[in-house]
Amino acid sequence: MKRIHCSYALIIISTVSLLSAFYLQIELELVPCKLCIWQRWPHVINILIIVIFLTLPKNQNILVFFGLTNAVLGTLLAGYHFGLEEGYWMNVFSCSGLQGLENLNSKSLLNVLKNTPISSCEKVQWSIFGVSLAGINFLVFFILFSLWAMKRYLYFSNYESNS
């Protein structure tokens with residue numbers, strides 16, 4: 001696989017992942033939890049890194065390092081979320097509820113709470129073939145990590161063969 005094909009695969013996978021998440025949220029009205037929202041950011045960062053990689057020919061080794069680091073962090077975040085859903089560990093984050101409710105009177109507070117969708121990070125909202133969205137995202141990030149590792153290998157093997 002050529003380096004450019006890895007770049008296109010990386011950007012396509014992250015774009016499809018984000019579009020799928022937005023489709024499920026908007027069209028199927030699945031309410032994402034806090035970790036679901038956090039898991040979108042590594043995809044956005046991945047797309048930005050690849051766009052910069054494709055447009056700037058210099059310092060690509062730094063971008064490959066950032067891409068690998070982003071893929072590792074995305075994999076850890078998705079793995080943590082998947083582990084919560086499967087009950088492997090307890091949640092250390094506050095995954096549901098609202099912030100900034102201190103200055104509301106009781107009527108306003110009740111109104112805000114009634115109109116706020118709350119989704120628990122431990123609850124599987126949707127799955128396919130018994131795998132939750134967090135599990136699918138874990139697999140997607142593992143694939144992204146593998147592609148970044150291949151990109152690093154291709155970049156440095158090509159670099160050494162040209163020097």
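Just above, that's the structure.
Residues numbered from 1 in each chain as written. Predicted model: local features only at pLDDT ≥ 70, side-chain atom pairs only at ≥ 80, totals over all residues. Heavy atoms only, no water.

1. What to know about the overall build of the protein chain
Of the regular secondary structure elements, the protein chain holds six helices and two strands. In sequence order, the protein chain lays out its α and β elements as α-α-α-α-α-β-β-α. Buried positions account for 31% of the 163 residues belonging to the protein chain. Sequence separation of at least 24 residues holds for 77% of the intrachain contacts in the protein chain that already meet a minimum separation of 6. (Helix = DSSP H or I, 4+ residues; strand = E, 2+ residues; numbered from the N terminus. Buried < 20%, exposed > 50% of the residue type's maximum accessible area, 1.4 Å probe, protein only. Contact = heavy atoms within 4.5 Å.)

2. Here we look at unusual backbone geometry
Within the chain, glutamate 29 stands out as a residue other than glycine whose phi angle is a positive 55 degrees. Examined against the element boundaries, glutamate 29 turns out to sit in the loop between α1 (3-26) and α2 (34-38). The phi angle at phenylalanine 129 is positive, at roughly 55 degrees, despite the residue not being glycine. Inspection of the secondary structure assignment puts phenylalanine 129 in the loop between β1 (127-128) and β2 (131-132). For phenylalanine 129, a relative accessible area of 81% translates into the label exposed.

3. What about the environment of phenylalanine 82?
Residue placement: phenylalanine 82 occurs in helix α4 (residues 60-86). In this structure, the C-alpha to C-alpha distance between phenylalanine 82 and phenylalanine 138, residues 56 residues apart in sequence, is 7.5 Å. Non-local contacts of phenylalanine 82, meaning those with residues more than four positions away in its chain, are made with Tyr88, Ser132, Ala134 and Gly135.

4. Thoughts on the nonpolar core
If you look at the biggest cluster of nonpolar residues, it comprises 16 residues, and the most contacted ones within it are Leu10, Leu144 and Trp148. Counting only elements with at least two residues in this core, the list comes to α1, α3 (40-55), α4 and α6 (133-162). When residues of this core are assigned to their parent elements, the largest contribution, six residues, is made by α6. If sequence neighbours within four positions are ignored, leucine 144 has contacts with Leu10, Ile13, Ser14, His43, Asn46 and Ala71. Ranked by size, the runner-up nonpolar core spans six residues in total, among them Cys33, Leu35, Leu77 and Tyr80. (Core = buried A, V, L, I, M, F, W, Y, C linked by side-chain atoms within 4.5 Å.)

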